[in-house]
Amino acid sequence: MEHYSKTINSLIEELTRLPGLGVKTATRLAFHIINMPKEHVKSLSEAMVTAREKVKYCNECYTITDEEVCPICRSSKRNHKVIMVVEEPKDLVAYEKTGQYDGVYHVLHGVVNPQLGISPADIKVRELLKRLEGDVDEVILATGSTTEGEATAMILSKYIKPSGINVTRIASGVPVGGDLEYVDEVTLMRALEGRVRM
Ligand code: ZN
């Protein structure tokens, strides 16, 4: 790294702060960036700054919202004693589209991935456990059926079980390695209805 200029070194350093980016990948990206058209770099950096400034997480479920607390968490029509844990806001959207789920959510913003150096401390696990100190009957683990999604579900189950709260896992109707976003609503509904106790 010391062979490069100070400017590119600092770019590489900034990029390595992102999860899953080691020096090697960061270096490759840094060189990609300096070869990109200037206007693309500008719009990329502007999009990052704007997103960081404007988008915030719901104080309760951590989905993306423009308000302090999202409409789902604010709703009195939802069952706040059932919390479905999903990986990303887009998974929440997929389940909302089924119109069949009346509980609330918790968005992890990722999954545990030792290979990429992502530990439970890097996703919203602490925040979930804090919520469970309240009145909760069931936690539905709806992380994906990828190796990481399954591993994350196992870890969460271990954390939650001692509290006595029911921990369930969505049925494996979701294709292996499948991205929840692309699974149809019927499959999601079946996965939810067929959930099993962990
Ligand atoms: Zn919320």
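Structure: above.
Keep in mind it's a predicted model, so treat the numbers as computed, not measured.

## What about the environment of Leu92?
Then, in step 1: Positionally, Leu92 belongs in helix H5 (residues 89-98).
Then, in step 2: A relative accessible area of 7% means that Leu92 is categorised as buried.
Then, in step 3: Placed 15 residues apart in sequence, Leu92 and Val107 show a C-alpha to C-alpha distance of 7.7 Å.
Then, in step 4: When neighbours within four sequence positions are excluded, Leu92 is seen to be in contact with Thr63, Ile72, Val86, Tyr105 and Val107.

## A short note on the coordination of the zinc ion
Then, in step 1: Coordination of the zinc ion by the protein involves Cys58 (SG), Cys61 (SG), Cys70 (SG) and Cys73 (SG), with metal-donor separations of 2.3 Å.
Then, in step 2: Geometry at the zinc ion is tetrahedral, judged from the 4 donor atoms that bind it and their angles of 106 to 116° at the metal.
Then, in step 3: Written as a sequence motif, the donor arrangement for the zinc ion is C-x2-C-x8-C-x2-C.
Then, in step 4: The exposure class of Cys58 is buried, given its relative accessible area of 0%.

## Brief notes about the side chain of Ser157
Then, in step 1: With respect to the helices and strands, the residue Ser157 is situated in helix H7 (residues 147-160).
Then, in step 2: Each residue touching Ser157, except ones within four places of it in the same chain, is listed here: Leu141, Val167 and Met198.

Definitions and limits used
Residues numbered from 1 in each chain as written. Predicted model: local features only at pLDDT ≥ 70, side-chain atom pairs only at ≥ 80, totals over all residues. Heavy atoms only, no water. Helix = DSSP H or I, 4+ residues; strand = E, 2+ residues; numbered from the N terminus. Buried < 20%, exposed > 50% of the residue type's maximum accessible area, 1.4 Å probe, protein only. Contact = heavy atoms within 4.5 Å. Donors = N, O, S within 2.8 Å, 3.2 Å for Na, K, Ca; no water. Tetrahedral: all angles 85-135°; square planar, octahedral: opposite > 155°, others 65-115°.

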